[in-house]
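Structural overview
Single-letter residue listing:
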Amino acid sequence: MNTENEKNLVFFVNGKKITENEPDPEITLLRYLREKLKLTGTKLGCSEGGCGACTVMISKFNRETNKVQHFSANACLMPVCALHGLAVTTVEGIGSTRDRLHPVQERIAKAHGSQCGFCTPGMVMSMYALLRNSSKPSMKELEIAMQGNLCRCTGYRPIIEGYRTFTKEFGNEEVCGMGEKCCKVNGGKLVDDKLFEVSEFVPYNPSQEPIFPPELKLNDQFDKETLKFINDRDVMWFRPIELKELLKFKQEHGTAAKIVVGNTEVGVEVKFKNFDYKFLANPSQIRELNELEVTKDGLKIGAAVTLTEIENFIESKTDQNVIEKSIVEMLHWFAGSQVRNVASIGGNIVTSSPISDLNPILLAAGAKLEVQSLKDGKRIIKMDENFFTGYRKNLIKDNEILVSILIPNTNKNQHFVAYKQAKRREDDIAIVTAAFNFTFKSNTNIIEDAKIAFGGMAQTTILAIKTASLMKGKEWNRKLIEIVNQSLIDEIPLSFDAPGGNVVYRRSLTLSLFFKAFLSISQELDKSLNLNILTDRDRSGIESYQNLTPKSSQLFENVSSDQPLTDPVHRPKIHSSALQQATGEAIYCDDIPKHENELYLSLVLSTKAHAKIISIDASEALKQPGIHAFYSAKDLTKDQNYFMNEELFTSEIATNQGRILGAIVGDNQIKAQRAAKLVKVEYEDLKPVIVTLEDAIKQKSYHENSPTILVNCEIESEFQKAENIFEGKVRLGGQEHFYLETQVALAIPKDSDELEIFSSTQEPAVLQNNAAKLLRLAANKIVCRTKRLGGGFGGKQSRASLAALPVAFAAYKLKRPVRIMFDRDEDMMITGGRNPFLFEYKISFTNEGKMTALEVKAYVNAGYSLESSDLVVYKASSHITNAYNIPKVRFESHVMKTNTPSNNAFRGFGIPEAQMVSEHIIREIANILKKDYIEIMKINLFKTGDVIFYRQLLDDCHSIRCFHEIIQTSNFKERRANVEKFNSENRWKKRGISLTNVMCGVAYGAQFLNQAGVLLHVYLEGSVLVSHGAVEMGQGLNIKILQIVSTTLKLPLERIHIQETATDKVPNAPTTGASVGSDIYGGAVIEACQIILKRLAPYKEKMPNASWDDWIKVAYFDRVSLSTTGFYATPDIGPEINKPRNYFTHGSAVSEVEIDCLTGDHQVNKN
Ligand SMILES: Cc1cc2nc3c(=O)[nH]c(=O)nc-3n(C[C@H](O)[C@H](O)[C@H](O)COP(=O)(O)OP(=O)(O)OC[C@H]3O[C@@H](n4cnc5c(N)ncnc54)[C@H](O)[C@@H]3O)c2cc1C
Ligand code: FES
Ligand code: FES
């Protein structure tokens, strides 16, 4: 309902005017773009500003500067109502493969920076927004622009390589990270490092960019309108233009009124914390809240001023004081640019999060807040120890608005430093933050005044009052450190059960951050007062890490000079959909347009880790408008409800939080998710609740058939005659898959008993069978389709069924299309991840260091169900010796049951975990024998002719070659000596350098999985369509298949296409994984091509000078089939012939890492 003088919401998207007369205050720009405008190029990765997949560019006309401002923003947090008078540019608005690619789209694609492509539109738009502000940015600006964008596939290197071509530095820097040791420089004609030819890129021409909508520029009416929009749930959006209107609004609605500036707190509270706010006021047009001004008392910042505006304003000042400098330094690590571009300082203060980055600075600076209410007028509040009154609470009253913040001036005797320690430096919330403000008596090192603030150490940001007062009057010297440390320990006693965990680390950070401040300020005092507080070795503790300018190189073998230019095999071709991914034209499962009668399914999840389900009551949920059904285990027979080795809907015992108990089906996502929260579940708590591996071992909580002996060589005699024996443990944690696209599925009923399922699965054929069993249909009635995945990493194998099976059931029952896309938190709760492992080992070895026998007990946390955890341990067992020849192995597997989500297939499938064990053992042996671990490696590495402990002959082993090559190319010896020198010279920073080897067996463990099928059609005009059974998830399988077809048929790549993977094209395909896709599907497609070539042979013979198109036509009219299947089964493979692996891959790597011993912060110096 539009009430305020019937004003409409007006904004532009990609140059097109949008007028909404009833905009919904609860709708984000992302939802609006994807659902209303069908612009699905902008992706949904997290809904909370954390991944950047939804990045768009917002432009507004600044009437004061008379300039258009462009900035990147997260569409998932931007309320659509906040866009009045603004212009939005999405990835579709800047270029397309049909018309013209924008250089930012072309370069990321051609630099191989798009793999699964789900992050790519966001990357493109961050880069685009940067270029619109600075057509030749610096590498630093590039790094900042990309801070808020995550990519799970590429490791960022190729993205940066593509985008560095826009920077000032490009062309001047040494591109290859190897420097003078680059193989290219050293005359290696066989290798190349040029993936793309920069001169072939379309040059960037800023004058070609679309213009800002003149209507928004010429007319200021949009800035002057008071807006009020209300939706059918009575949620109101209010945009006043004067402060008094806002004060009135706040007076009327008190705590129910939220002031929405960046929506980076409110948006997250509404989406993930179930907060239901009815009154939202946007102060973007209120002058007092948007001003930045230098006053005689200090810097006055309007509460709605964004963090980026503050940063720019301070940076433009010629005389920044120490507090202002600290603010700018801190803002660099505050979220990513998309958040900083919209988030306000007022929002940060009023939210009062104990881990806020700015509040410690403001507290230590003694900032003053101007607040105002309609009833009581203005008042000034000092940010001191009384300001924060409890968790996310402060002295600002419910009817008050924060108008501005005054950052006080400083004097020349004042020193101010601030620190943030987070798990990851960029775009992460803090573990501990600290700010230190010390004033000295003029020309002395006597402390006159002190303020020390910490975040992350209590339920509010705190001032260490006692410690600060203890310091007053004292001399600044090394004795002070002891005094302050003891005082901080007493004053900030974080209890062991404090929320947030990491208690010991957080406690130690308070001391080490003070020590860092001590070193930093001592350096200043030494200089200005000619003191001698610091030693040279101390200096390494002063600087915190800044990101290094990335350098990289990628080398690949050149094809032989006689390979025809048209033959693409072995050439570095870009991902087959890279361009479509970069333009947003690539369609992922949730981009499929909604059907008119489509419904949405939301899962009801267990909130208990271990409990008996007494009852599930969905009656309240079913009463809600737009809710169609509730399903649970009661709607299925036992057999229907059982898939893999678990129940789909839990019937009796909730084994973990996030276990699926039921499903609500509603008109749309919002209705279904709200109703799902109304489903009442009565539980009876059960004991024990087992979370960790150690708990599970103590409780003997095993899955069936565990423990099992997986490898059983005779080791006792080796141990008896051993010169040395050592026993130890290796512990590895779990890992979240974090595919950027969460699990999605859409099921569409066809004829009465047919169903089509679109799913983001790595195994459509398995899903087809699961769905057939669930619905009691024959598999031939169900088609599963998967075009591409936004990342899989193993997590979309069986776990994809957890999304797809409920929608299949609902769609079949309700005879309507039903869709689901897990929210990021749901995905994390439901799907599990990498298995945590505990290895206990016993190794025997000679005095020289040669390993003779290894006994391993591997404990794996499988979670509530077995899933594929037993297979993961099996694979670990076969890789436990890695690249080293340990002739005798005994491996016992313990698959532990815990009350956590079921862990599952995950990149490496147990191999990296196993390799970690042998790398660890090598180093332990070296320590015991007091030898260099490089020597131990050398005498243990596999070589051709060795037999692996499971009796497979190694007939082509390159481990030793890789090992020697990496020592030479990495300059290992010299770098190692440099590391040792660095460590002896620096007290607080230490470097480490390490060499690791890997050897990986390629093949599925189960023989029957090593098979592949394809379907190949040649159309009458000569183009070729290939369908294969594997799923493209970013690994580039499709381009490899296309290359093989192109080479075999001698056809240009452009004439061959792969559309999707579907069970009606290729049946019974095994899951896509185990690094075998291109091998086995390559084999199958070669067979299909050869069948076609054989059929065409008579025509080629008859018409040798004719073209492919001619032969096809003639064959067609001669009634020859131009369609065939191809099949491949990896030959000579299987344990029974002592060849469980088809072949082995080998590799060696060197990494150099530096650590800040005071904080644990670290950086990789070189890989
Ligand atoms: C991905 C992501 C990363 C983040 N990273 C960080 C980080 O690194 N460090 C950090 O400290 N924070 C971080 N945050 C938190 C958040 O971005 C900040 O707290 C931000 O400053 C909030 O500003 P906003 O304008 O978006 O607030 P909003 O969400 O618009 O508002 C937040 C609250 O402040 C109130 N409010 C706002 N203005 C006023 C006013 N003038 N008067 C009275 N009340 C007011 C609102 O009513 C609301 O309760 C992050 C958030 C996200 C989503
Ligand atoms: S940042 Fe918006 S979807 Fe992740
Ligand atoms: S290509 Fe970046 S997430 Fe897949």
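These numbers come from a predicted model, not from an experiment. (Residues numbered from 1 in each chain as written. Chains lettered and ligands numbered in written order. Predicted model: local features only at pLDDT ≥ 70, side-chain atom pairs only at ≥ 80, totals over all residues. Heavy atoms only, no water.)

Overall, antiparallel pairing links the four strands, which are arranged S18-S19-S20-S21 in an open sheet. On the outer flanks of this sheet lie strand S18 (414-422) and strand S21 (462-463), each paired with one strand and no other. In terms of strand pairing, S18 meets strand S19 (residues 430-440) through nine bridges, oriented antiparallel. Paired with Phe-416 across the strands is Asn-437, a residue of S19. (Pairing = 2+ DSSP bridges. Helix = DSSP H or I, 4+ residues; strand = E, 2+ residues; numbered from the N terminus.)

Feature annotation in UniProt assigns "binding site: [2Fe-2S] cluster 2" (unreviewed entry) to the following positions: Cys-116, Cys-119, Cys-151 and Cys-153. For this annotated set, covering 38 residues, all C-alpha atoms fall within 9.4 Å of each other, a compact arrangement in space. Structurally, Cys-119 can be placed in the loop between helix H2 (103-110) and helix H3 (120-133). Residue Cys-119 is classed as buried on the basis of its relative accessible area of 5%. Setting aside residues up to four positions removed in sequence, Cys-119 forms contacts with Leu-150, Cys-151 and Leu-740. Relative to the helices and strands, Cys-153 resides in the loop between helix H4 (139-145) and helix H5 (157-163). By relative accessible area, which is 13% here, Cys-153 ends up buried. When sequence neighbours within four positions are dropped, the list of residues in contact with Cys-153 reads Gln-115, Cys-116, Phe-793 and Arg-907. (UniProt positions renumbered as here; feature names shortened; annotations may be inferred. Buried < 20%, exposed > 50% of the residue type's maximum accessible area, 1.4 Å probe, protein only. Contact = heavy atoms within 4.5 Å.)

With that settled, the discussion passes to the nonpolar core. In terms of nonpolar packing, the biggest core is built from 101 residues, with Tyr-163, Ile-664 and Ile-757 touching the most fellow members. Counting only domains with at least three residues in this core, you end up with domain 1 (3-218) and domain 3 (596-687 + 737-831). Apart from the residues lying within four places of it in its own chain, the contact partners of Ile-757 are Leu-746, Ala-747, Leu-767, Ala-771, Ile-782, Val-783, Cys-784, Arg-785, Ala-804 and Ala-808. (Core = buried A, V, L, I, M, F, W, Y, C linked by side-chain atoms within 4.5 Å. Domains from an automatic or database assignment.)

Moving on to the pattern of salt bridges. Going through the model one piece at a time under the given rule, you end up with 66 salt bridges. Glu-867 is the salt-bridge partner of Arg-799, the closest N and O atoms lying 3.4 Å from each other. Placement of Arg-799 in the loop between strand S35 (782-786) and helix H24 (800-814) and of Glu-867 in the loop between strand S38 (851-863) and helix H26 (869-878) is noted, with a sequence separation of 68 residues between them. A relative accessible area of 1% means that Arg-799 is categorised as buried. Using a relative accessible area of 5% as the deciding quantity, one classes Glu-867 as buried. Between Lys-1065 and Glu-1060 there is a salt bridge, with its nearest N and O atoms 3.4 Å apart. Residue classification places Lys-1065 among the partly exposed residues on the basis of a relative accessible area of 28%. With relative accessibility at 17%, the residue Glu-1060 sits in the buried group. (Salt bridge = Lys/Arg side-chain N within 4 Å of Asp/Glu carboxyl O.)

So, on to H24. Its 15 residues give H24 an end-to-end C-alpha distance of 21 Å, which sits within 8% of 21 Å, the value for a rise of 1.5 Å per residue. By the criterion of burial, H24 is predominantly enclosed, with twelve of the 15 residues buried. All of the buried residues in H24 are Ala-800, Ser-801, Leu-802, Ala-803, Ala-804, Leu-805, Pro-806, Val-807, Ala-808, Phe-809, Ala-810 and Ala-811. Once H24 ends, the next one or two residues include Lys-815, with phi positive near 55°. (Expected span 1.5 Å × (residues − 1).)

Let us look at the packing of H2 against H3. Between H2 and H3, whose axes approach to 9 Å, the crossing angle comes to 130°. In terms of orientation, H2 lies oblique with respect to H3. Seen from above, H2 lies across H3 with right-handed handedness. In contact with Val-104, Gln-105 and Ile-108 of H2, H3 contributes Thr-120, Met-123, Val-124, Met-127, Tyr-128 and Leu-131. Taken together, the residues that form the contact of H2 with H3 break down as seven nonpolar, two polar and no charged. (Axes fitted to C-alpha atoms, helices over the stretch in contact; angles between N-to-C directions. Parallel < 35°, antiparallel > 145°, perpendicular 65-115°, else oblique. Left-handed = near helix turned anticlockwise from the far one by under 90°. Nonpolar A, V, L, I, M, F, W, Y, C, P; charged D, E, K, R; others polar.)

This part covers the packing of aromatic side chains. With the rule as written, the count across this model stands at 25 aromatic pairs. When the ring of Phe-514 is compared with that of Phe-518, the centres are 6.4 Å apart and the planes differ by 50°; the resulting orientation is tilted. Pair noted here: Phe-514 and Phe-518 are both in helix H17 (residues 503-529), with a separation of four residues, about one helical turn. When the ring of Tyr-1116 is compared with that of Phe-1117, the centres are 5.2 Å apart and the planes differ by 75°; the resulting orientation is edge-to-face. (Phe/Tyr/Trp six-rings, centres within 6.5 Å; stacked < 30°, edge-to-face > 60°.)

Let us look at the environment of Lys-897. Looking at the secondary structure, you find Lys-897 in strand S39 (residues 888-897). Expressed as a C-alpha distance, the spacing of Lys-897 and Ser-701, which sit 196 residues apart in the sequence, is 5.4 Å. Among residues more than four places away in sequence, those in contact with Lys-897 are Ile-690, Ala-696, Ser-701, Tyr-702, His-703, Gly-863 and Tyr-864.

What follows concerns the packing of helix H10 (residues 307-316) against helix H11 (residues 322-332). Two numbers describe a pair of packed helices, the interaxial angle and the distance between the axes. The geometry of H10 relative to H11 is characterised by a closest axis approach of 10 Å and an angle of 135° between their N-to-C directions. Regarding the angle of H10 to H11, the classification is oblique. In the packing of H10 onto H11, the handedness of the crossing is left-handed. Of the residues in H11, those touching H10 at Leu-307, Ile-310, Glu-311, Ile-314 and Glu-315 are Glu-324, Ile-327, Val-328, Leu-331 and His-332. Grouping the constituent residues of the contact of H10 with H11 by class yields six nonpolar, one polar and three charged.

Before going further, it helps to examine the domain arrangement of the chain. Partitioning the chain into domains gives domain 1 (3-218), domain 2 (286-541), domain 3 (596-687 + 737-831), domain 4 (693-734 + 833-928) and domain 5 (1011-1129). One C-alpha centre belongs to domain 2, the other to domain 5, and the line joining them spans 64 Å.

With that settled, the discussion passes to unusual backbone geometry. Cis geometry is found at the peptide bond from Lys-687 to Pro-688, where omega equals -5°. Locating Pro-688 in the fold gives a position in the loop between strand S30 (680-685) and helix H21 (693-698). Backbone torsion omega between Ser-706 and Pro-707 reads 0°, so that peptide bond is classified as cis. Structurally, Pro-707 is set in the loop between H21 and strand S31 (708-712). With a phi close to 65°, Asn-263 is a non-glycine residue in the positive phi region. Looking at where Asn-263 falls in the secondary structure, it is placed in the loop between strand S9 (257-259) and helix H9 (266-272). Even without glycine at this site, Glu-867 takes up a positive phi of about 40°.

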